[in-house]
Amino acid sequence: MRKLLSLSLVLMLVMSAFTVSVAEEPTVLTIYTRGSSTNIGTGVFAEAEKRLNVKLEYTYFDDDSFAAMLAGGDLGDIILSGEDIPSMLASGLALDVNPYIDEHMPNLKIGAADAAMNVCRELMSPDGGLYLIPTVVGLHLPIVGGLDPRVYRGYVVRWDYYKELGCPEINNDDDYIAVLQQMLENHPTNEDGTPNLLYGCRSGAFNMGAYRAAFKGDVALNPWGNYQYNSNIYTNEVYDGYLDVEHSGYWNNMVFLNKIYRLGLLDEDCFTMTSDEYRAKLSAGRYMGVMDANDALYQAHVEEDPNTDITYMVVPSKNMVNYANINLILGNMPYNYMMISKNSKNIEAACSFINLMYDLDFMRFAYSGEQGVDWDYDEDGVPHMTETAIQEIARQDPKWANGEGNGGHGIRVNNLFGYNPAVLHTDGYPLMLTMQRETAIAAQQPRMLEICKAYNVEYYADAYAAVEKDFRNDMGDTIASLINTPLDDRRILEACQDVLEAGLAPMIMSESDEEFAANQAEILAEIEALGEAEVFERYKVEFDRVKDIMIPQQIAAQHANGLELYPGLE
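Below you will find a few notes about this structure. Quick caveat: nothing in here was measured; it's all calculated off a predicted structure.

1. Side note on the overall build of the protein chain
Each helix and strand in the protein chain was counted, giving 23 helices and 15 strands. A principal-axis box enclosing the C-alpha atoms of the protein chain has dimensions of 105 × 55 × 45 Å. Looking at the protein chain as a whole, 55% of its 570 residues qualify as buried. Taking the intrachain contacts of the protein chain between residues at least 6 apart in sequence as the baseline, contacts between residues at least 24 apart amount to 74%. Of the accessible surface of the protein chain, which amounts to about 24100 Å², a share of 51% is contributed by carbon and sulfur atoms. On the protein chain, the mean spot of the 38 positive side-chain charges and the mean spot of the 86 negative ones are 5 Å from each other.

Spelled out as structure tokens, the structure:
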């Protein structure tokens with residue numbers, strides 16, 4: 001009898017162990033996305049797997065295979081997309097998560113998340129369903145800072161050469177070209193004897209036109225609208241960037257690049273070179289100025305010399321708009337959003353994962369690291385980064401840098417994180433604690449201190465905040481993401497884009513004012529003949545309709561953020 005009892009106990013223990021083992025087996029969640037990301041699946045996401053008892057499996061698709069996957073309906077559990085929103089909704093592939101929110105996604109009912117979800121229900125769903133879930137909602141890039149070491153957009157110079165000139169003011173394109181010319185005269189060749197170049201940009205109508213000019217204060221457009229339909233960042237008035245030459249990033253930048261060409265200083269490879277070829281020139285520092293503050297040159301030198309001043313930096317200028325103080329009510333829509341596949345076999349686990357991405361405690365962990373190690377509360381209950389973490393950030397420790405295999409802390413993952421880093425935790429402080437001014441000052445990198453020394457400020461962003469406006473009024477890309485442009489109109493706009501692409505070389509390489517004007521008139525006539533003006537009239541009606549719905553929400557949100565709005569919105 002005793003032997004039978006012992007055997008029974010052994011069997012019970014074995015079965016119990018087996019049951020625990022089975023219960024602890026993680027659920028495999030498949031996440032499909034277009035493109036790639038080096039910091040997904042490590043660090044922060046390893047912690048997510050642990051907390052939820054899931055195994056995340058990512059599959060990256062190129063554009064063609066992603067489109068084929070959507071067309072066939074062969075989806076994973078979670079899809080990270082930037083597809084046209086009306087088309088995605090019409091596909092019927094997305095699950096309405098409303099029935100799962102109370103039990104599995106309660107964080108979607110809190111604060112900025114709740115506001116974002118309500119907008120999605122109101123403007124994206126005739127039946128009130130919640131099919132597409134925005135990411136990184138709320139305040140982004142307040143002027144106090146964050147981990148990003150540079151202002152990216154404006155008049156960008158090779159800093160070490162610019163500093164040699166005494167940091168002259170640059171307040172218009174002619175100033176900019178003159179300064180770049182002086183830098184090139186002082187440094188006509190690279191260290192290896194290779195000729196240097198005046199200005200660099202990537203190819204295409206967005207990079208060679210629209211992007212750089214949009215951040216000039218006298219143009220002031222949100223360049224991420226639909227096609228060339230960009231809106232003023234102060235008033236959200238939308239312009240026809242094809243035919244309205246004055247209010248067009250494309251046409252403004254054609255004038256700029258043509259001036260460089262007629263000086264005989266244009267890098268004519270800009271029309272054809274690959275991204276890798278462009279990056280190689282950046283890494284070698286061959287350009288005196290570039291379209292944005294690319295990191296390649298800095299990365300080529302910082303490992304050898306952490307205090308290097310060989311980098312591309314934006315010049316503080318009265319004629320620039322700083323991409324800061326942005327309130328993203330719908331996050332990065334339409335470029336990034338999540339949805340759960342209607343055919344998912346792991347709906348509850350997928351809901352729990354998205355819920356975690358909107359958990360304020362988890363987002364604090366993602367942006368600021370582990371409590372007690374990277375940050376903690378002081379005796380007054382105020383959270384602060386630890387001295388060790390501040391030193392790690394200043395020296396760009398991999399734990400805080402965006403690279404393969406890193407811990408991921410402090411990195412905004414656009415297509416997965418629920419909140420932007422400046423969103424407030426329930427303790428009243430930002431999720432990313434480096435946005436506290438004293439911490440931001442202490443964690444500045446040497447290249448940020450270069451700006452401080454040159455402009456006699458305590459924190460590098462102060463040099464920009466003193467002379468420029470920012471994007472606090474802007475709602476342009478959010479409004480654009482909610483507009484359903486009819487297919488026939490999209491075909492016309494795509495044909496217009498082709499006209500602009502084909503017009504890059506003739507416009508930029510015009511030999512005189514007369515030739516420039518003639519080429520411009522020919523392009524404008526071709527666009528008019530396509531019927532673009534009528535498309536814009538229809539688009540503007542829809543843009544203004546959505547704007548009237550969104551602007552009051554923007555005003556309320558920015559007041560809640562403590563930001564005074566510029567005249568033109570209220």
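Anyway, onward from the coordinates.
2. A few points about the nonpolar core
Core analysis: the largest hydrophobic core is formed by 172 residues, its most contacted members being Y199, F353 and F417. In contact with F417, not counting residues within four places along its chain, are V44, F45, T135, V136, M357, M363, A366, Y367, I411 and R412. Formed by eight residues, the second largest nonpolar core is a distinct cluster that contains W375, W400, L433 and A443.

3. Quick notes on helix α6 (residues 111-124)
Between its first and last C-alpha, α6 extends 20 Å over 14 residues, near the 20 Å set by a 1.5 Å rise per residue. Of the positions making up α6, those classed as buried are A113, A116, M117, V119, C120, R121, L123 and M124. On its buried side, α6 packs onto α4 (85-91), α5 (101-104), β4 (133-134) and α23 (532-560).

4. Describing the layout of surface pockets
What the second largest pocket holds in volume is close to 720 Å³. The wall of the second largest pocket is formed by 24 residues, among which W224, G225, N226, Y227 and Y335 lie closest to the centre. Where the lining of the second largest pocket is concerned, the elements lending two or more residues are α4, α9 (205-208), α20 (476-481) and α21 (487-508). The biggest single contributor to the lining of the second largest pocket is α21, with three residues. Per-class residue counts for the lining of the second largest pocket are 11 nonpolar, eight polar and five charged.

5. Focus on the sheet that holds strand β9 (residues 312-314)
The strand order across the open sheet built from four strands is β7-β8-β6-β9, with neighbouring strands paired in mixed fashion. In the strand order of this sheet, the two ends are held by β7 (197-200) and β9, each with one partner. The average undirected angle you get between the axes of adjacent strands in this sheet is 25°. In this sheet, β9 lies alongside strand β6 (residues 156-158) in antiparallel orientation, the contact comprising three bridges. Within β9, the position partnered with V156 by the bridge is V314.

6. Quick look at the side chain of Q558
Relative to the elements of secondary structure, Q558 occurs in helix α23. Only 3.4 Å separates the side chain of Q558 from the backbone oxygen of N325, close enough to count as a polar contact. Not counting the four nearest positions on each side in its chain, Q558 is found in contact with L139, N325, I326, N327, R472, L563 and L565.

7. Description of the state of the cysteines
The tally for this structure, following the rule as stated, stands at zero disulfides. In this structure C201 is not part of a disulfide, and its nearest cysteine sulfur, from C270, lies 4.9 Å away.

8. Considering helix α18 (residues 446-455)
Within the span of α18, buried status applies to R447, M448, E450, I451 and C452. Buried residues along α18 sit in contact with α7 (159-164), α13 (296-302), β9 and α19 (460-465).

9. Some points on the pattern of salt bridges
Tallying each qualifying case throughout the model produces 24 salt bridges. A salt bridge links E450 to K453; its shortest N-O distance comes to 3.7 Å. Here E450 and its partner K453 are both found in helix α18, three residues apart, which amounts to about one turn of the helix. D470 is paired through a salt bridge with R472; the nearest N and O atoms lie 3.0 Å apart. By relative accessible area, D470 is classed as buried at 5%. One network of salt bridges, with partners in common, ties together K163, D309, E450 and K453.

10. Remarks on the packing of helix α11 (residues 249-262) against α21
Between α11 and α21, the least distance of the axes is 9 Å, while the angle of their chain directions is 35°. For the pair α11 and α21, the crossing hand works out as right-handed. Mapping the contact onto sequence places Y250, W251, M254, L257, N258 and Y261 in α11 and L500, G503, L504, M507 and I508 in α21. Split into classes, the residues belonging to the contact of α11 with α21 amount to nine nonpolar, two polar and no charged.

Definitions and limits used
- Residues numbered from 1 in each chain as written.
- Predicted model: local features only at pLDDT ≥ 70, side-chain atom pairs only at ≥ 80, totals over all residues.
- Heavy atoms only, no water.
- Helix = DSSP H or I, 4+ residues; strand = E, 2+ residues; numbered from the N terminus.
- Buried < 20%, exposed > 50% of the residue type's maximum accessible area, 1.4 Å probe, protein only.
- Contact = heavy atoms within 4.5 Å.
- Areas by Shrake-Rupley, 256 points an atom, 1.4 Å probe, with all protein chains shown as cover.
- Lys, Arg positive; Asp, Glu negative; His and termini not counted.
- Charge placed at Lys NZ, Arg CZ, Asp CG, Glu CD.
- Core = buried A, V, L, I, M, F, W, Y, C linked by side-chain atoms within 4.5 Å.
- Expected span 1.5 Å × (residues − 1).
- 1 Å grid on protein atoms, 1.4 Å probe; cavity = no way out; pocket = protein on both sides within 12 Å on 5 of 7 lines; lining within 4 Å.
- Points joined across faces, edges and corners; volume = space filled by probe spheres on them.
- Nonpolar A, V, L, I, M, F, W, Y, C, P; charged D, E, K, R; others polar.
- Pairing = 2+ DSSP bridges.
- Axes fitted to C-alpha atoms, helices over the stretch in contact; angles between N-to-C directions.
- Polar contact = N/O pair within 3.5 Å; in protein donor to acceptor, adjacent residues only side chain to side chain.
- Disulfide = S-S within 2.5 Å.
- Salt bridge = Lys/Arg side-chain N within 4 Å of Asp/Glu carboxyl O.
- Left-handed = near helix turned anticlockwise from the far one by under 90°.

Geometric values such as these leave the question of function open.
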